[in-house]
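One-letter residues, chain by chain:
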Amino acid sequence: MNDIRLLKDQQREKHPGFDSYIECMSRSLLTGLATFSLGFAGVYFLQQIGQRYLPYTKKVNILVATLVATGAAYKVTSDRTRACQARWMAVEEKYSVLQDAIEPADPVVAACQPLPQLHICRDKFTDSSKYKGGKQAGKRYKAIASTHDESSEQDDEAFEDTMNNQSELMEDREYDSVASSAMHVTKQILNIQHVAIIQPYIKWGPRKNPTKPELLLQEAEALIRSLPRWNIELSMKVPVETLDKRQLFGSGKLEELKGIIQARQETGTPLTCVFISKGTLTYSQKQTLEQVFRLPVMDRYSVVVQILRLHAVSMEAKLQVALAELPYIWSQVKDQEGSAKGSGRIFLSDSQRQMLQLRERKLRNELSTIRSHRELLRNRRRQKNFPVVAVVGYTNAGKTSLIKALTEEQSLQPRDQLFATLDVTAHAGLLPCKLEVLYMDTVGFMADIPTGLIECFVATLEDAMLADVIVHVQDMAHENCAEQRAHVERTLGKLMQSNGERALSPDRIINVGNKIDLVAFPAGLPVDCNDGGEEQRLHLISSRTLVGVHELLMEVERRVLRVTGRQRIVIRVPMGGQEMAWLYKNAAVTESAADPKNAERLLVSVVITEAKLQQFRHLFIRNRS
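Quick notes on the rules
Residues numbered from 1 in each chain as written. Predicted model: local features only at pLDDT ≥ 70, side-chain atom pairs only at ≥ 80, totals over all residues. Heavy atoms only, no water. Helix = DSSP H or I, 4+ residues; strand = E, 2+ residues; numbered from the N terminus. Buried < 20%, exposed > 50% of the residue type's maximum accessible area, 1.4 Å probe, protein only. Contact = heavy atoms within 4.5 Å. Areas by Shrake-Rupley, 256 points an atom, 1.4 Å probe, with all protein chains shown as cover. Axes fitted to C-alpha atoms, helices over the stretch in contact; angles between N-to-C directions. Left-handed = near helix turned anticlockwise from the far one by under 90°. Nonpolar A, V, L, I, M, F, W, Y, C, P; charged D, E, K, R; others polar. Parallel < 35°, antiparallel > 145°, perpendicular 65-115°, else oblique. UniProt positions renumbered as here; feature names shortened; annotations may be inferred. Pairing = 2+ DSSP bridges. Patch = residues over 30% accessible without salt bridge, like charges linked within 9 Å, V, L, I, M, F, W, Y side chains within 5 Å. Salt bridge = Lys/Arg side-chain N within 4 Å of Asp/Glu carboxyl O. Core = buried A, V, L, I, M, F, W, Y, C linked by side-chain atoms within 4.5 Å. Domains from an automatic or database assignment. Expected span 1.5 Å × (residues − 1).

Caption draft 1: Representation of the overall build of the protein chain within the structure. In terms of regular secondary structure, the protein chain is built from 22 helices and 13 strands. By residue count, 45% of the 625 residues in the protein chain fall in the buried class. Relative to all contacts within the protein chain whose residues are 6 or more apart in sequence, the contacts with residues 24 or more apart total 72%. For the protein chain, the computed accessible surface area is about 32800 Å², with 54% contributed by carbon and sulfur atoms.

Caption draft 2: Main features of the packing of helix 10 (residues 213–225) against helix 13 (residues 300–311). Viewed as axis vectors pointing N to C, helix 10 and helix 13 meet at an angle of 35°, and their least axial separation amounts to 9 Å. Once helix 10 is placed against helix 13, the crossing between them reads as left-handed. Residues E219, L223 and I224 of helix 10 pack against R300, V303, V304 and I307 of helix 13. Residues that form the contact of helix 10 with helix 13 fall into these classes: five nonpolar, no polar and two charged.

Caption draft 3: Representation of the packing of helix 11 (residues 251–266) against helix 12 (residues 283–293) in the model. Contact geometry of helix 11 with helix 12 gives a least axis separation of 10 Å together with a crossing angle of 45°. In terms of orientation, helix 11 lies oblique with respect to helix 12. Considering the relative orientation of helix 11 and helix 12, their crossing is right-handed. The segment helix 11 lies against helix 12, with L254, L257, K258 and I261 engaging L289, V292 and F293. Across the contact of helix 11 with helix 12, the residue classes tally to six nonpolar, no polar and one charged.

Caption draft 4: A look at the UniProt feature "transmembrane region" (unreviewed entry) in the protein chain. Under the feature "transmembrane region" (unreviewed entry), the UniProt entry names residues 29–47. Within the segment residues 29–47, helix and strand shares are 100% and 0% respectively, and the terminal C-alpha atoms sit 27 Å apart.

Caption draft 5: Representation of the sheet that holds strand 5 (residues 388–393) within the structure. Reading across from one edge, 6-7-5-8-9-10 is the order of the six strands in this open sheet, with mixed pairing throughout. The open sheet has two edge strands, strand 6 (425–430) and strand 10 (538–540), and neither has a second partner. Each strand of the sheet is rotated relative to its neighbour by a mean of 30°, with strand direction disregarded. As paired elements, strand 5 and strand 8 (residues 469–475) share five bridges and run parallel to each other. What sits directly across from V389, in strand 8, is V469. Along the sheet, helix 20 (residues 549–563) makes contact with strand 5, strand 6, strand 7 (436–441), strand 8, strand 9 (509–514) and strand 10, crossing strand 9 at roughly 170°.

Caption draft 6: How the structure looks around a nonpolar patch on the surface. A cluster of nonpolar side chains, contributed by Y53, L54, Y56, V60, V64 and V68, occupies part of the molecular surface with about 550 Å² of accessible area. Structurally, the position occupied by Y53 is in the loop between helix 2 (18–49) and helix 3 (58–101).

Caption draft 7: View of the nonpolar core. Ranked by internal contacts, the top residues of the largest apolar core, which has 38 residues, are V195, I197, L223, I224, F275 and V303. Those elements that place two or more of their residues in this core are strand 1 (193–202), helix 10, strand 3 (273–276), helix 13, helix 14 (315–338), strand 5, helix 18 (458–465) and helix 19 (481–498). Mapping this core onto the domain boundaries places at least three of its residues in each of domain 2 (175–334 + 346–359) and domain 3 (385–563). By size, the runner-up hydrophobic cluster in this structure holds 27 residues, among which are V391, C433, Y439 and V469.

Caption draft 8: Layout of the pairing of strand 9. The buried fraction of strand 9 is high, at six of six residues. Every second residue of strand 9 is oriented toward a common face, with I509, N511 and G513 on one face and I510, V512 and N514 on the other, all of them buried. Both strand 8 and strand 9 contribute to a ladder of six bridges, which runs parallel. Pairing of D475 across the sheet is with N514, part of strand 9.

Caption draft 9: Examining the pattern of salt bridges more closely. Following the criterion strictly, the structure yields 13 salt bridges and no others. One salt bridge in this structure joins E483 and R490, with 3.3 Å as the shortest N-O distance. Several salt bridges share partner residues, and in doing so they unite E555, R558 and R559 into one network.

Caption draft 10: Examining helix 13 more closely. Here helix 13 contains 12 residues, and its C-alpha end-to-end distance of 16 Å stays within 8% of the 16 Å for a straight helix at 1.5 Å per residue. Along helix 13, 11 of the 12 residues are buried, which leaves the element largely enclosed by surrounding structure. Residues of helix 13 that are buried: R300, Y301, S302, V303, V304, V305, Q306, I307, L308, R309 and H311.

Okay, here's the thing in structure tokens:
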């Protein structure tokens, strides 16, 4: 029994119909055994009654009863087993269609998505004429289902067209060959790679990066480690005067790097590619470096796209990653055409250019549809008056871990990886005042990546930009925490300006310092953020040990109530009246107690908006007076 329960637990997430299948098969087995027992007893008893007409011996009677009972049990068990298999296949197909047709990363989407096509999916695998009452039951079922055929067929055709379009965008061999030539990205992400990392940095001048070269190199190494089976064989930082040279490095330094790589290869160290940790390499820079090193060269843009391809699960995320690749390919083609050398590996024919242009239009259309759908979901949330709290921050700062700590949602599984979250997901939580809020988990930011790469995820980041309160999570255990915070604020501000959204006012932002359990002396951490006073105070917490989480919840509650115009009041209502039911439906009831001055009334503490309060007065106070 314990083994069966363990098997159910292991398969429940992957196969949602497995539990019911096991139960159905168990019932089939018990039914077969019962049929055998009853059949054997019945046949044997009948033979005993007709003993005077059929004078068989006792052994023959037992043999006949066994054969008849076995045949009956086999027939019943096989029919029920086929029924169980058909039910399981129907559930599996329904689940797979739902996963493709809706946005699995957003539970709000899953709850609101219409499901007219499920009858068709179920009819494909189950036939009630076989399992539920014979042919007459099947005819009745088909007669009822026929009333929905016309609308269901239209919905199914539209659904199939959408899925076919998205599948064509994801499975395009001609595009894959172009992307592989321009970016050295491949669908075979899990192949073993042996990487040499070179981190260039400017030694002095106005373009010098405020981040230490050692920290830049650590981040580059973290990018490579985010890809499974990608091994770091060589890692070094190289000073340069500028990042705009045609060959990036000086002639002497380039020969030195070439010698280091060749020496490593001669000692038996396998090297399959070189990762230059620079946002985007021009075509001429990449071509020159590849000719010198005689290895494929990748920049940060290419590596990040490879990580995004690996972590993209939902169709929306895959579409966004596919769109993020196109600006890089076009920039490489443009650089190549503007260079002195006109020949190259990524020269595009007219048909390939048309293919890229058509692909971009299709991707933007698909994402525009998703954007409209998200706007519809936001409107529904506004109608239900749910406050929205967006959790933003640098990649791997602990955003998902914080949401898990705030909501106590055990199904959330945070991962210690860069860009582990690509979909904005909604998670319901309760504030101390019993007010329900939605926490939005968002895509992480990263420095030295073109803003255009992040802009491709603007459809998901809109949920953050339009949220009532924004929680900015910062990794206090990282040495470059201050620069990471500044980068997130700059990037989010640019995105809001380009999309015409409201400005980042201080009362909307809560700064959170996470991972203090990894800091040697957390008491020495600064709590003043940008000298913004109490509003910009840094709230130090640990999502793992839950230190400071309750105080953060109180701050989130205070900001939400202020930004959304909610207020805490005590209302005296009749006991058992309609007022109490209305308040539970339209406000957050904190507590209720009997009125000491009047035993027939209750004192109800609620959190309510001004609009709902006026509606309550109109319905129950003014009408009564």
